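Chains, contacts and geometry: an overview
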Amino acid sequence: MAPQLTGSPRRRRPAFTQRQAAEPTRHPAVALAMALPCAVLLVMLFGGWEQMANQAQAVADLIHH
């Protein structure tokens, strides 16, 4: 049987309101620098390079014609 909680739970402010005053928002270039190595690793691990090249070629053909 699940334990029952007694008493009133403490209310906390949401995390985004606590961080907002102490820490400014992250620059988009920093987010890109964090995500890009992970994306490159996934492309290399799962062989997505050929798929990306094929799709880029298809888009180039559509634009060309």
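Figured I'd write up the structure that's included with this text. (Residues numbered from 1 in each chain as written. Predicted model: local features only at pLDDT ≥ 70, side-chain atom pairs only at ≥ 80, totals over all residues. Heavy atoms only, no water.)

Turning next to the overall build of the protein chain. The helix and strand inventory of the protein chain stands at 3 helices and 0 strands. Burial statistics for the protein chain: of 65 residues in total, 2% are counted as buried. Surface summary for the protein chain: the accessible area is close to 6,900 Å², and the carbon and sulfur share equals 64%. (Helix = DSSP H or I, 4+ residues; strand = E, 2+ residues; numbered from the N terminus. Buried < 20%, exposed > 50% of the residue type's maximum accessible area, 1.4 Å probe, protein only. Areas by Shrake-Rupley, 256 points an atom, 1.4 Å probe, with all protein chains shown as cover.)

Once that is clear, we can look at helix α2 (residues 28–46). For α2, spanning 19 residues, the distance from its first C-alpha to its last is 26 Å, which sits close to the expected 27 Å at 1.5 Å a residue. Following α2 by one or two positions, Gly47 adopts a phi angle in the positive range, close to 65 degrees. (Expected span 1.5 Å × (residues − 1).)

Moving on, we get to a nonpolar patch on the surface. Residues Leu32, Leu36, Val40 and Met44 make up a contiguous nonpolar surface patch of roughly 420 Å² in combined accessible area. Note on placement: Leu32 falls in helix α2. (Patch = residues over 30% accessible without salt bridge, like charges linked within 9 Å, V, L, I, M, F, W, Y side chains within 5 Å. Salt bridge = Lys/Arg side-chain N within 4 Å of Asp/Glu carboxyl O.)

Our next topic: the environment of Val43. Mapped onto the elements, Val43 comes out in helix α2. Excluding its chain neighbours within four sequence positions, the residues that come into contact with Val43 are Gly48 and Trp49. (Contact = heavy atoms within 4.5 Å.)

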